Every structure is written in structure tokens, then in C-alpha cells.
Amino acid sequence: MIKELYLENWKSFSPSRIYIDPLTVLIGTNASGKSNLLDAFWFLSQIAKDRPVEYIMNEIRGGREWLIREGSSEATLSIVIAKDVHSIEYHYEVKLKRAEEKIWIANEFLTEVDPSRETHTFNIGSSQLLHSSAGEKNLFKSYSSISKPYVDVSSRQSNKGPEKNYQLSRNTSVLSQMGSKKVLANIREGVSFVQDELSKIFVLNPIPNNMRSYSPLSEMLNTDASNMAGVLSAMDDDRRNQVEDTLTRYLGPLPEKDIKRVWTERYGPFGRDAMLLCMEQWKDGEESRIDSRSMSDGTLRFLAIATAMMTRPQGSLLIIEEIDNGLHPSRTKELIEMLINLGKERNIDVLCTTHNPVLVDKLGMGMLPIVFFVKRDIHTGGSVVESVEEVDNLPKLLAQNSVGDLMTEGML
């Protein structure tokens, strides 16, 4: 699973690093750079697929012109992915360059690292994830200039072994092309694993208005959760009943009314469309059935998050901006419990942003290591991300205010 991400000159970012836990919470004021950090994960997930890089750059929020920080000609994204705890790690690095009003992927590196033989060193001013290492194997490295229509790739089994050169298109990432080449087994294995892990990054942006219509039966949840009912209804009976029971359990205490049941029904002459429904109860013996057209925005967003956690592949990283948007502060405890419990049950990590001080306080002091704040450096204007537990004088600050109050008052 994804362990950490390093950013340098990506959009608004100065050199920064964030570590990924089963639940990671980002806080920060407007325009601090939180969305830019999430965009980095989305960008990596897309270039791991066989998609044209030009399309991906143009689709990203703000467009390709803003991918590299103003005043810089190069940006770096480096990500660390591990198979499991204390196992082999893969370090994948992408460098973007800008020249003559063009932006392209200039370099890609994939390195296999054995932590049992590696002493990690880190320099915040350097894009290098690793320095001299006994446990490091260079799987491939690429180079592309503005004038060349192809990418020169050197690939080798170890740092001391012979290299084999390839010429690949730069229309798509080297990572997405290497799997189809005749390479050594350990290179193919590493490429395939990193591609799969990056492809499992899922950015969820639930839009309640898009969930209120009938949706076609579907296998995969859309990023706006518009086909949530179709995904649930398309499951086999046993799986659908299990998921609907889970949704009911977590949604039950959310609204003022008691939710007794959440389910889907198929509609249309061929039963190819679905609608989400629930049964509400104000008091004993009085129940009312409503469908998604009558559900609140907060209820639909909550259901979308739960559905994503129940349907995404195990090992996924689920990214959600403003995770508690539309949710009453008194219900943040239920949201946190769902994220922790379902994440553990399904082996899914969640990275989310929030502006809600109540949610941060509900996490409790024991979860401070998972809270990161993004801010602008007062000298350079660049975005930086830091762990809350590393804030100077934190014990003194916490003696006077909660973390939520510190966030609200700008004391972080």
C-alpha cells in the first residue's frame, strides 16, 4: 500500500512529504494547497494507466499551465509503495519539466528497496528518496527531452548488472509501457505491482444532486457517486444484502429519524435501472418509505462514502475532499467510526480534508499523528505540509486550546 508522497514544485508546493496512514486527515485554510496535494495523487493514478499524458495534464484542476510551481522549470513527485509491513518497497519518481511554454514528463525512475538492508536518509531540499543503498535495485530510469519524440529507457536487474536500452513513446508514461516489454521477471513484477497500486487510488467527489435520479446497473462507482444505486443493485443477492445491512447499520443513527433499512430496487421494463430507498421511523409503528430524491445532501454523501469503502478493491487509497460536508457536527463521531472500522475491515486507506474543528477534536489526542496541516510559507509563498504533532510548543498550545480551536484560530 502507499506509504508516503514527496512533492517538490508541484503546483503550489515547496519540498514537502506526507505519510499515509489507514486514516489521514488534512487541515488548512482556503488556498493553502490541500487540493493541490490531492491532485498529485490523482495525477499519479492516471499516468499509471495507459492514458495519454497530454489528456491527463489538461484534465487536472487548473490545467497543465499550473502543474509546475511559478518560477520553477521542474517539478517532482515521488511515491513509496510497500507490499505489506516490513516488506519490499517500490519507489516511483516522476519529474516534469517546462521549457518553451511546453510541459512534459522528463524522467521516471522505479527503484526496488529491501528495508531490511536499507538505512533511509532524507534531505528535505532534495528530490532523492534514497541515497547510497545496499538494498536498492534500479528497475528502470527514463529520459525525455523537449526535442525527442521518444523516451530513452535504461533497465537493469541490479545497480551493477548490464543495462538494456529501450525507445518508447512519450505519449504515455514509461511505467504504463514497460509491462509489455521483454524485461526481467523482477522488473515486470515491480512495474505491475506499482501500476496496480496507483490505479487503485480513487478520488471520490460525491454530488448529491447527481445521486437523486435512477441510475443504470454498474460494476464500478463513479467519482461523483451518481451510479451508487446501480452499483449496489448489480451485486449478487448475498453481497448486496451484506452491503445494504452495513449501510443501514452506519446510517441508522445519522438523521433525526431512525433509519430502519437501506436498500435498492430495480426499475424499468428490463430492470436495468435502480433507485436507492430507505425506511424511516419517527416512533414505534409509524414508518415511511422514501427514495433518494427526498434524502438530504448529508445523508447521500455519507452513503456514497460508505458505498465506496464497501465496493473499492482491497488495498485502495480513497481520497475525499471536505469529507464531512453537509454533515451535522454532532454526527462526526459516527463518520470517524465508519472510516476506521470499514477501513480496517476492507483494508482501505482514507485520505481526506476537512475544515471542521469538531471532526479534528473528535479524533482525540491519540490520533494526532494522522493529522497534517497545509500552509503557505511566509517567506516563499510555497505550500508545505507538516504533521500537527511536530508543531513547535504543541503541549503549551494544547494546554490552552483543543486542536480544533488551534486550527480555527490559525495558531498552527
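Higher on the page you've got the structure.
Quick notes on the rules
Residues numbered from 1 in each chain as written. Predicted model: local features only at pLDDT ≥ 70, side-chain atom pairs only at ≥ 80, totals over all residues. Heavy atoms only, no water. Helix = DSSP H or I, 4+ residues; strand = E, 2+ residues; numbered from the N terminus. Contact = heavy atoms within 4.5 Å. Salt bridge = Lys/Arg side-chain N within 4 Å of Asp/Glu carboxyl O. Buried < 20%, exposed > 50% of the residue type's maximum accessible area, 1.4 Å probe, protein only. 1 Å grid on protein atoms, 1.4 Å probe; cavity = no way out; pocket = protein on both sides within 12 Å on 5 of 7 lines; lining within 4 Å. Points joined across faces, edges and corners; volume = space filled by probe spheres on them. Nonpolar A, V, L, I, M, F, W, Y, C, P; charged D, E, K, R; others polar. Pairing = 2+ DSSP bridges. Axes fitted to C-alpha atoms, helices over the stretch in contact; angles between N-to-C directions. Expected span 1.5 Å × (residues − 1). Polar contact = N/O pair within 3.5 Å; in protein donor to acceptor, adjacent residues only side chain to side chain.

Visitor: Can you help me understand the environment of Glu286 in this one?
Guide: Within the element layout of this structure, Glu286 appears in strand β14 (residues 286-291). With residues up to four places along the chain from it excluded, the contact list for Glu286 reads Glu280 and Gln281.

Visitor: I keep staring at the pattern of salt bridges and nothing clicks. Help me out?
Guide: If the charged atoms of two oppositely charged side chains come close together, the side chains can form a pair. Throughout the structure, instances matching the rule amount to 17 salt bridges. When the shortest N-O distance is used, the salt bridge between Glu244 and Arg240 registers 3.8 Å. Pair noted here: Glu244 and Arg240 are both in helix α6 (residues 237-251), with a separation of four residues, about one helical turn. Judged by its relative accessible area of 17%, Arg240 is buried. Among the charged side chains, a salt-bridge network with shared partners connects Glu74, Glu93, Lys95 and Lys97.

Visitor: Teacher, can you tell me more about empty space enclosed by the protein here?
Guide: Regions of empty space are outlined by a rolling probe, equal in size to a water molecule, passed over the atoms. Taken as a whole and assessed by the stated rule, the structure comprises three cavities of 30 Å³ or more. In this structure, the largest cavity encloses a volume near 40 Å³. In this structure, the largest cavity is lined by Gly298, Arg301, Phe302, Ile305, Ile323, Asp324, Asn325, Leu327 and Leu335. Examining the composition of the lining of the largest cavity, we find that four residues originate from one element, helix α7 (residues 297-311), more than from any other. Grouping the constituent residues of the lining of the largest cavity by class yields five nonpolar, two polar and two charged.

Visitor: Is there a simple way to explain the sheet that holds strand β17 (residues 371-376) in this structure?
Guide: Two pairing modes exist for strands in a sheet, parallel and antiparallel, and in both the strands are linked by backbone hydrogen bonds. The strand order across the open sheet built from six strands is β10-β15-β16-β3-β17-β18, with neighbouring strands paired in mixed fashion. With one partner strand each, in any of the chains shown, β10 (201-204) and β18 (383-387) form the two edges of the open sheet. If you compare each strand with its neighbour and ignore which way they point, the axes differ by 20 degrees on average. Both strand β3 (residues 23-27) and strand β16 (residues 349-353) contribute to a ladder of four bridges, which runs parallel. Bridging across to β16, Leu23 finds its partner in Val350. Where α7 meets the sheet, it contacts β10, β15 (317-320) and β16, and its direction lies at approximately 165 degrees from that of β15.

Visitor: What is the right way to read α6 from this model?
Guide: One full turn of an α-helix is made of 3.6 residues, so residues set three or four places apart face in the same direction. The first and last C-alpha atoms of α6 sit 21 Å apart over 15 residues, in line with the 21 Å expected at 1.5 Å per residue. Within the span of α6, buried status applies to Arg240, Val243, Glu244, Thr246, Leu247, Thr248, Tyr250 and Leu251. If you follow the buried residues of α6, they end up packed against α5 (228-233), β12 (258-267), α7 and α8 (332-346). In this structure Asp236 caps α6, since a side-chain oxygen of it lies 3.2 Å from the backbone nitrogen of Asp238.

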